[in-house]
Amino acid sequence: MTEKYHESDPMSDVISDDYRILQIISRFGIRLGFGDQTVGATCRAAGVDSNTFLTVVNYVKDAAHARISEMAEQIDLPALIAYLKNSHSYFVDFRLPGIRRKLLQALDLTGGNRIPMLILRFYDEYAQEVERHMTFENTHVHPYVETLLQGCLPAETFAEIEEQYDEQHASIEKSLSELKSIIVKYYPSDNNASLMGEVLMDIFMTDEDLHSHCHMEDTLFAECIRRLEHEVRSRGGKPVQEDQEEKTESAQTSDLSEREKEIIVQVVKGLSNKEIAEALFISVNTVMTHRRNISRKLQIRSAAGLTIYAIVNGLVNLDDVQL
Ligand SMILES: [Fe+2]
Ligand SMILES: [Fe+2]
């Protein structure tokens, strides 16, 4: 294969050349079984922007030599956001729970040794940190970009948001390195050496995958957002206040928005407005605006009423409910 992949390359050759592209394909929503079709034809058949797909593939193949400025011109931001969202679901809903299951099998939690229990706790805290970060991106960074795409300027600048997620990326990567090091150095896997070896392999691969994901957000995604922000600003985009944004979203639909459903779930878990604001990276005022909108739409004001609504509509499991 050539250094860079092109639209005319057969998709199956691209995958044979670098197995990591399998993950990219699935996160773009492209299914296997494309026969001898080219990258371009496969993307068109799946309704995926082929320039964005190829740019992501070429970035992952050789991030060290990626020309970010040139690549940013090829990106369709809604397509990249959809890809990043699917990647978040993959990590949070599939990859990290899968590692935990294997870790539970590999760790000997029966004896008096406290190290296995501490390793599990360390892992759970790490997985929660990743989930919080990805929730922040889904509910804060992506809507920020969507506002810019509508030609409006959000109240915060991208530089302010970028600072937060850069810190989170650094912290996530540090935690995973620590976890690898703790297991390698301190866990005596006498009985389950093969199983623990497999878990470690999974953790190393996830580390690489997550590093590539975060690095793309720090470089390519950030460059695309900066350009869009600059463009909207120079066109004199209309400033938008956070609360106005949230109100507009809620007023447009009689159904609950995804954010409103998230708020209900947090209320049902017994969280205060302040705790909900912290968990979802929004202001307390915004939480209150959402709660007013939820009450208006559902005609339900009490936490008990919302709990019943959430159970009946499958927003929560009975186990999550604060009774
Ligand atoms: Fe992300
Ligand atoms: Fe991230």
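Going by the structure above, here's the rest.
Throughout what follows, the structure given in this document is the object of discussion. (Residues numbered from 1 in each chain as written. Chains lettered and ligands numbered in written order. Predicted model: local features only at pLDDT ≥ 70, side-chain atom pairs only at ≥ 80, totals over all residues. Heavy atoms only, no water.)

Section: the overall build of the protein
Right, so step 1: Helix and strand content of the protein: 14 helices and two strands.
Right, so step 2: The C-alpha radius of gyration of the protein comes to 22 Å, within 12% of the 20 Å expected for a compact globule of 323 residues.
Right, so step 3: Taken over the C-alpha atoms alone, the protein extends approximately 60 × 55 × 35 Å along its principal axes.
Right, so step 4: Every one of the 323 residues in the protein was classed for burial, and the buried ones make up 44%.
Right, so step 5: Considering only contacts in the protein between residues 6 or more positions apart, those separated by 24 or more positions represent 72%.
Right, so step 6: Approximately 17,000 Å² of the protein is accessible, and the part contributed by carbon and sulfur atoms is 50%.
Right, so step 7: Between the centroid of the 33 positive side chains of the protein and the centroid of its 52 negative side chains there is a distance of 5 Å. (Helix = DSSP H or I, 4+ residues; strand = E, 2+ residues; numbered from the N terminus. Rg over C-alpha atoms; globule rule 2.2 N^0.38 Å. Buried < 20%, exposed > 50% of the residue type's maximum accessible area, 1.4 Å probe, protein only. Contact = heavy atoms within 4.5 Å. Areas by Shrake-Rupley, 256 points an atom, 1.4 Å probe, with all protein chains shown as cover. Lys, Arg positive; Asp, Glu negative; His and termini not counted. Charge placed at Lys NZ, Arg CZ, Asp CG, Glu CD.)

Focus: the coordination of the iron ion (ligand 1)
Right, so step 1: The coordination sphere of the iron ion (ligand 1) contains the protein donors His-88 (NE2), Glu-137 (OE), His-213 (NE2) and Glu-217 (OE), at a distance range of 2.0 to 2.2 Å.
Right, so step 2: Each of the four donor atoms bound to the iron ion (ligand 1) contributes to angles spanning 86 to 172°, and the resulting shape is irregular.
Right, so step 3: With relative accessibility at 5%, the residue His-213 sits in the buried group. (Donors = N, O, S within 2.8 Å, 3.2 Å for Na, K, Ca; no water. Tetrahedral: all angles 85-135°; square planar, octahedral: opposite > 155°, others 65-115°.)

Looking at helix α8 (residues 158-186)
Right, so step 1: With 29 residues, α8 should reach 42 Å at 1.5 Å per residue; the first-to-last C-alpha distance of 42 Å fits that figure.
Right, so step 2: The set of residues buried in α8 consists of Phe-158, Ile-161, Glu-162, Tyr-165, Gln-168, His-169, Ile-172, Ser-175, Leu-176, Leu-179, Lys-180 and Ile-183.
Right, so step 3: Those residues of α8 hidden inside the fold are in contact with α6 (77-106), α7 (115-149) and α9 (193-234). (Expected span 1.5 Å × (residues − 1).)

A few points about a nonpolar patch on the surface
Right, so step 1: On the surface, a nonpolar cluster with roughly 550 Å² of combined accessible area is contributed by Tyr-19, Leu-22, Leu-32, Met-201 and Met-205.
Right, so step 2: With respect to the helices and strands, the residue Met-205 is situated in helix α9.
Right, so step 3: Its relative accessible area of 39% is what places Met-205 among the partly exposed residues. (Patch = residues over 30% accessible without salt bridge, like charges linked within 9 Å, V, L, I, M, F, W, Y side chains within 5 Å. Salt bridge = Lys/Arg side-chain N within 4 Å of Asp/Glu carboxyl O.)

Describing the state of the cysteines
Right, so step 1: Under the defined criterion, the tally for this structure stands at zero disulfides.
Right, so step 2: Free of any disulfide, Cys-224 has its nearest neighbouring cysteine sulfur in Cys-214, separated by 17 Å. (Disulfide = S-S within 2.5 Å.)

A look at the nonpolar core
For soluble globular proteins, the rule of thumb is that nonpolar side chains tend to be buried together.
Right, so step 1: Judged by nonpolar contacts, the single largest core of 46 residues is most densely connected at Ile-24, Ile-30, Phe-53 and Phe-221.
Right, so step 2: In terms of residues, this core owes the most to one element, α9, which gives eight residues.
Right, so step 3: Formed jointly, this core draws a minimum of three residues from each of two domains, domain 1 (11-66) and domain 2 (77-240).
Right, so step 4: One finds Leu-96, Leu-103, Met-134 and Leu-200 within the second-largest nonpolar core, a separate group that totals 25 residues. (Core = buried A, V, L, I, M, F, W, Y, C linked by side-chain atoms within 4.5 Å. Domains from an automatic or database assignment.)

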